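Inside the fold
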Amino acid sequence: MHYSRQQEASADDYAIETLKKARISTKGFSNFFKAIGTEKEEGRLLKYLSTHPSSLLRQEKADASLEKNTKVSLNKKEWRALKNICQKKISYKEYQKAK
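Residues numbered from 1 in each chain as written. Predicted model: local features only at pLDDT ≥ 70, side-chain atom pairs only at ≥ 80, totals over all residues. Heavy atoms only, no water.

This part covers a positive patch on the surface. Residues K76, K77, R80, K83 and K89 make up a contiguous surface patch of positive charge. Examined against the element boundaries, R80 turns out to sit in helix α6 (residues 76–86). (Patch = residues over 30% accessible without salt bridge, like charges linked within 9 Å, V, L, I, M, F, W, Y side chains within 5 Å. Areas by Shrake-Rupley, 256 points an atom, 1.4 Å probe, with all protein chains shown as cover. Salt bridge = Lys/Arg side-chain N within 4 Å of Asp/Glu carboxyl O. Lys, Arg positive; Asp, Glu negative; His and termini not counted. Charge placed at Lys NZ, Arg CZ, Asp CG, Glu CD. Helix = DSSP H or I, 4+ residues; strand = E, 2+ residues; numbered from the N terminus.)

The following block contains the structure:
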């Protein structure tokens, strides 16, 4: 399924607004686009990104929406656990036991 750049930009706007309403920082959203915005990554993802706004513009939009008094959605320990779960190093059940 292909979406237009305008549809992708609208999805970004919706994501940013949703994060703001939940008082969650948009910094992670910005960091994601920073990470995929390198020339190497852009080259590797070129086909996928061809229908998307530029990563730099998306990062700048997220940075512009940063607000004070927001929280991160996951702390470092939770983030590490999520990555381990996604990489199938541990199960969610194991994470819950260790918590």
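This part covers the packing of helix α1 (residues 5–21) against helix α5 (residues 55–64). Viewed as axis vectors pointing N to C, α1 and α5 meet at an angle of 25°, and their least axial separation amounts to 11 Å. Taken together, the axis directions place α1 and α5 in an arrangement best described as roughly parallel. The chirality of how α1 crosses α5 is right-handed. Residues E8, A9, D12, D13 and I16 of α1 form the contact with α5, whose own contacting residues are R58, K61 and A62. Looking at the contact of α1 with α5, its residues break down into three nonpolar, no polar and five charged. (Axes fitted to C-alpha atoms, helices over the stretch in contact; angles between N-to-C directions. Parallel < 35°, antiparallel > 145°, perpendicular 65-115°, else oblique. Left-handed = near helix turned anticlockwise from the far one by under 90°. Contact = heavy atoms within 4.5 Å. Nonpolar A, V, L, I, M, F, W, Y, C, P; charged D, E, K, R; others polar.)

With that out of the way, let us pick up α5. Working note: α-helix, 3.6 residues per turn, so residues spaced by three or four point in the same direction. All buried positions along α5 are accounted for by S55, R58, Q59 and A62. The arc enclosing the buried residues of α5, seen along the axis, measures out at 100°, which places them on a common side. Structural note: α5 exposes L56, L57 and A64 on the side pointing more than 90 degrees away from its buried face. (Buried < 20%, exposed > 50% of the residue type's maximum accessible area, 1.4 Å probe, protein only. Arc of directions from axis to C-beta.)

In this structure, R23 takes a positive phi of about 60° despite not being glycine. Summarising the element assignment, R23 is placed in the loop between α1 and α2 (27–36).

A separate point is α2. Those residues of α2 not exposed but buried are F29, S30, F33 and I36. Each buried residue of α2 lies within a common arc of 135° when the element is viewed along its axis, so the set occupies one face.

A word on the layout of surface pockets. The calculated volume of the largest pocket comes to roughly 470 Å³. Along the wall of the largest pocket there are 15 residues; nearest its centre are G28, V72, S73, L74 and W79. Those elements giving two or more residues to the lining of the largest pocket turn out to be α2 and α6. Ranked by residue count, the leading element in the lining of the largest pocket is α2, at four residues. Partitioning the lining of the largest pocket into residue classes produces six nonpolar, five polar and four charged. (1 Å grid on protein atoms, 1.4 Å probe; cavity = no way out; pocket = protein on both sides within 12 Å on 5 of 7 lines; lining within 4 Å. Points joined across faces, edges and corners; volume = space filled by probe spheres on them.)

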